Amino acid sequence: MPNFTLLRSARITRTHKIATAVLAGAAATTGLAFTAAPSDADTSASHAPAAVQPVSADGQPTTPKDKAEDAKKKAAAEHTAQQAANRSTERKPMAAPKAAPKAAPKAAPKAAPKAAPKPAPKTYANNLDGWIRESLDIMKAKGIPGSYEGLHRNIIRESGGDPNAVNDWDINAINGVPSKGLLQVIQPTFDTYHVSGTPDKLTDPIANITAAANYAADRYGSIDNVDSAY
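Residues numbered from 1 in each chain as written. Predicted model: local features only at pLDDT ≥ 70, side-chain atom pairs only at ≥ 80, totals over all residues. Heavy atoms only, no water.

*Asks:* Looking at this structure, how should I read the nonpolar core?
*Replies:* Nonpolar side chains in soluble globular proteins tend to end up buried together. Counting 24 residues, the largest nonpolar core has L151, I155 and I209 as the members making the most contacts within it. Listing elements by their share of this core, those giving two or more residues are α4 (128-142), α5 (148-159) and α8 (205-220). At seven residues, α8 tops the list of elements feeding residues into this core. (Core = buried A, V, L, I, M, F, W, Y, C linked by side-chain atoms within 4.5 Å. Buried < 20%, exposed > 50% of the residue type's maximum accessible area, 1.4 Å probe, protein only. Helix = DSSP H or I, 4+ residues; strand = E, 2+ residues; numbered from the N terminus.)

Listed below in structure tokens is the structure:
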């Protein structure tokens, strides 16, 4: 180490040494203070909050794939919600249930239909015209041929329309069985050709006409074919 010779004037006294030492210690202390205390910039940087990193459900940082999955799920949820809203808007109000139809009141039992009234019996005049017409209705019911004209013509010739006329001069009268009535019928002939339903009396106009017509139908085919004594 080289030796330096201090000038006299430059020599440091003891007082100077102490003062120098004090200044040196103060400087050292000041230097430590500046060294230990961080600058404002460093302090701000060290105490600034760190950026928040997103994490997944399990606490791990999310990756771009996780973000894409989350975006898909969110879009699907939004789509489902929109469909539900559309259905709610389009849904028509339900019609109130119709009330069950009331049971129709039971109809009163119908009364048994009344029997049709029997037609009033046909009436005939009590004269030659009436006797002929009634006889024709009976003949028709019994199937005995004959017409109004045929009956009327023969009645006028035989008795002149008198139901009580009696022939007391011909062969029948001589034999004790005279011809009687409108169509001059003898008793044996009347008994044989009497039409049921008519009075059992030779001189009854209806019984006499129908029995004579029945006899003529058997002998001549019809009373209409008779033009003389028969």
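From this point, the discussion proceeds with the structure in view.
*Asks:* Can you walk me through the pattern of salt bridges in this structure?
*Replies:* Pairing between side chains of opposite charge can happen when the charged atoms of each approach one another. Under the defined criterion, the tally for this structure stands at five salt bridges. Close ionic contact of D227 with R153 constitutes a salt bridge, the shortest N to O distance being 2.6 Å. With D227 in the segment after α8 and R153 in helix α5, this residue pair connects regions lying 74 residues apart in the sequence. Shared partners join several salt bridges into a network, and the residues in it are E149, R153 and D227. (Salt bridge = Lys/Arg side-chain N within 4 Å of Asp/Glu carboxyl O.)

*Asks:* Please explain α8 as it appears in this structure.
*Replies:* Side chains three or four residues apart in an α-helix point the same way, a direct result of the helix having 3.6 residues per turn. For α8, built from 16 residues, the straight-helix expectation of 22 Å at 1.5 Å per residue is met to within 8% by its first-to-last C-alpha distance of 22 Å. Those residues of α8 that are buried lie in contact with α4, α5, β2 (179-180) and α7 (187-193). Of the residues flanking the start of α8, the one acting as N-cap is D204, its side-chain oxygen 3.2 Å from the backbone nitrogen of I206. Once α8 finishes, G221 follows within two positions and takes phi at roughly 95°, a positive value. (Expected span 1.5 Å × (residues − 1). Contact = heavy atoms within 4.5 Å. Polar contact = N/O pair within 3.5 Å; in protein donor to acceptor, adjacent residues only side chain to side chain.)

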